[in-house]
Amino acid sequence: MIRPRLENRLPDEGINSADENPLRELAWLIGATLLVLALVVLLVGWGAQWLAPRLPFSAEVKLAEQLVDAPRSPSSTPAQAALAARTAAMQALADRVAQRMQLPAGMTIVISLDAAPVVNAYATIGGRIRLYRGLISKLDSEDALVALLAHEIAHVKHRHVAASLGRGLALALLVGIVSSDAGAAAAEAVIGSTTAIALLGYSRDQEQQADDDALRAVVALYGHAGGVAALFATLRAGSKAGDMPIEMLRSHPLTQDRIDAARRGAADLGVRIDGPLTPLSPMLKWAAP
């Protein structure tokens, strides 16, 4: 029986060299990696944006109680007492508006006021809505104030804030895969934006949805859409004047399309886009600081 002879053969010539430039292969590898990462970011961001609004609203409330709600002070100065009374009046008006907007069961609105001269208002997690003196002082009618409240309440109703927050946290998680420090910093920034919603911004569809709800709420309360027209006129005039930056327009950009849509919406409802406006009560009227 002849046994096979085992031996180590010399390698073929040229196996350690190639006609292609190795930098080209590196470029393809980096490009493919970036493409896959981009797809993962899109899928995770979309998934989180879809899932977050479907979580129980009570989870938002618990998060808001920890991150948004200011601790109650045991002492009360005259200024604090006056602010508390004004807040109660604004809360009563917001409750009146919310009753016309058919909020889901268990969803409540909590109003807070800020005496800063900032021209802004925003909705954040847990149904919290913050209004600034700088913006309220520019409104001349209850109708315009109701339009503002209804618009922000609509963002809460449709869970727009939760969707934006979920997308931001998902992206922060992906950043954390690359760098734990960068991921932690990104997550902290996203959580911080829950108390400064101007950093988030809304899509065009979300803004239009909030506008439509606000229009119907104003019409239900006053029989015409004058409050929406008055609010838009105030924001447009302020943006042209340039005396105080309107921070609200960073997250709620006022475009001609939104104004035209309001006019069409009023026509579809068979009501006027203007009408007699209700003056603000002394407790709701807040002079500029």
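Describe the overall build of the protein chain, naming the residues involved and giving the relevant values.
Counting its regular elements, the protein chain contains eleven helices and three strands. When its helices and strands are written in sequence order, the protein chain yields α-α-α-β-β-β-α-α-α-α-α-α-α-α. Taking all contacts inside the protein chain whose residues are at least 6 apart in sequence as the whole, residues at least 24 apart take part in 73%. Surface accessibility of the protein chain: about 16800 Å² in total, with carbon and sulfur atoms responsible for 60%.

So, the pairing of strand 1 (residues 110-114): which residues are in play, and what are the values?
Where burial is concerned, the two faces of strand 1 differ: the one with Ile111 and Leu113 is buried and the one with Val110, Ser112 and Asp114 is not. With five bridges connecting them, strand 1 and strand 3 (residues 128-132) associate as parallel partners. Its bridge partner being in strand 3, Val110 is matched across the sheet by Arg128.

Summarise the layout of surface pockets; cite the residues concerned and give the values.
Using a probe with the size of a water molecule, rolled over the atoms, empty space left in the structure can be pinpointed. Quantified by volume, the largest pocket comes out at close to 780 Å³. In terms of lining residues, the largest pocket is bounded by 22 residues, among which Ala70, Pro71, Arg72, Thr87 and Ser112 are the most central. Looking at the lining of the largest pocket, the elements that each hand over two or more residues are helix 3 (78-99), strand 1 and strand 3. Among the elements that take part in the lining of the largest pocket, helix 3 stands out by supplying five residues, more than any other. Tallied by class, residues from the lining of the largest pocket come to eleven nonpolar, seven polar and four charged.

Can you explain the environment of Gly223? Please cite residues and give values.
Along the chain, Gly223 falls in the loop between helix 8 (204-222) and helix 9 (226-241). For Gly223, a relative accessible area of 45% gives the class partly exposed. Linking Gly223 and Gly275, residues 52 residues apart in sequence, is a C-alpha distance of 8.6 Å. With sequence-adjacent residues up to four places away left out, Gly223 is seen in contact with Val218 and Val271.

For empty space enclosed by the protein, give the residues involved together with the corresponding values.
In the structure shown here, the tally under the stated rule is one cavity of 30 Å³ or more. Reported here for the largest cavity is a volume of approximately 90 Å³. Contributing to the lining of the largest cavity are Ala147, His151, Asp211, Ala214, Val228, Leu231, Phe232, Leu235, Met248, Leu249, His252 and Arg258. Counting residues per element, the ones that place at least two in the lining of the largest cavity are helix 5 (142-157), helix 8, helix 9 and helix 10 (248-251). Examining the composition of the lining of the largest cavity, we find that four residues originate from one element, helix 9, more than from any other. Classifying every residue of the lining of the largest cavity gives eight nonpolar, two polar and two charged.

Could you give me a rundown of helix 8, with the residues and numbers involved?
The end-to-end C-alpha separation of helix 8 is 27 Å, in line with the 27 Å expected for 19 residues at 1.5 Å each. With its phi angle positive at about 85 degrees, Gly223 sits one or two positions after the end of helix 8.

Describe in detail the pattern of salt bridges, supporting the description with residues and values.
Considering all chains together, one arrives at nine salt bridges under this definition. Of the charged contacts in the structure, one is a salt bridge between Arg159 and Glu60, with a shortest N-O distance of 2.6 Å. Taken together, the residues Arg159 in the loop between helix 5 and helix 6 (160-178) and Glu60 in helix 2 (residues 57-67) connect sequence positions 99 residues apart. Of the two residues examined, Arg159 and Glu60, each falls in the buried class. In this structure, Glu142 engages Arg96 in a salt bridge whose closest nitrogen and oxygen atoms are separated by 3.3 Å. Of the two residues, Glu142 sits in helix 5 while Arg96 sits in helix 3, which places them 46 residues apart along the sequence. Here Glu142 falls in the buried class, since its relative accessible area comes to 11%. Within the structure, one salt-bridge network assembled from shared partners comprises Lys157, Asp213 and Arg216.

Give me the lowdown on the side chain of Asp143, citing residues and values where you can.
Its place among the elements puts Asp143 in helix 5. As a buried residue without a salt bridge, Asp143 has its nearest oppositely charged side chain in Arg96, at a separation of 8.5 Å.

Rules of the game
- Residue indices follow the written sequence of each chain, beginning from 1 at its first position.
- It should be noted that, the model being predicted, local features are given only for residues of pLDDT at least 70 and side-chain atom pairs only at 80 or more, the latter also being counted only at that level, while totals for whole chains, interfaces and linings use all residues.
- As a rule here, side-chain values come from all non-hydrogen atoms in the structure, and water together with hydrogens is ignored.
- A run of H or I in DSSP counts as a helix once it spans at least four residues, and a run of E counts as a strand once it spans at least two, with each numbered from the N terminus.
- Should any heavy atoms of two residues lie within 4.5 Å, those residues are considered in contact.
- Accessible surface is estimated by sampling points in the Shrake-Rupley manner with a 1.4 Å probe; for residues, cover comes only from the protein chains shown.
- The buried label applies to any residue whose accessible area, calculated with a 1.4 Å probe on protein chains only, is under 20% of its type's maximum; exposed applies above 50%, and partly exposed to all values in between.
- Pairing between strands requires that DSSP locate at least two bridges from one strand to the other.
- For each structure, a 1 Å grid was placed over the protein atoms alone; sets of points admitting a 1.4 Å probe that cannot get out are labelled cavities, open sets with protein on both sides within 12 Å along at least five of seven lines are labelled pockets, and lining residues have an atom within 4 Å of a point.
- Grid points are joined across faces, edges and corners, and a volume is the space filled by probe spheres set on the points.
- Note that Gly is not counted as nonpolar here; it falls among the polar residues with everything else outside the nonpolar set of Ala, Val, Leu, Ile, Met, Phe, Trp, Tyr, Cys and Pro and the charged set of Asp, Glu, Lys and Arg.
- In this scheme, a helix's expected span is set at 1.5 Å multiplied by one less than its residue total.
- Just to be clear on terms, a salt bridge is a Lys or Arg side-chain nitrogen sitting within 4 Å of an Asp or Glu carboxyl oxygen.
- Charged residues are defined narrowly, with Lys and Arg counted positive, Asp and Glu counted negative, and His plus the chain ends left uncounted.

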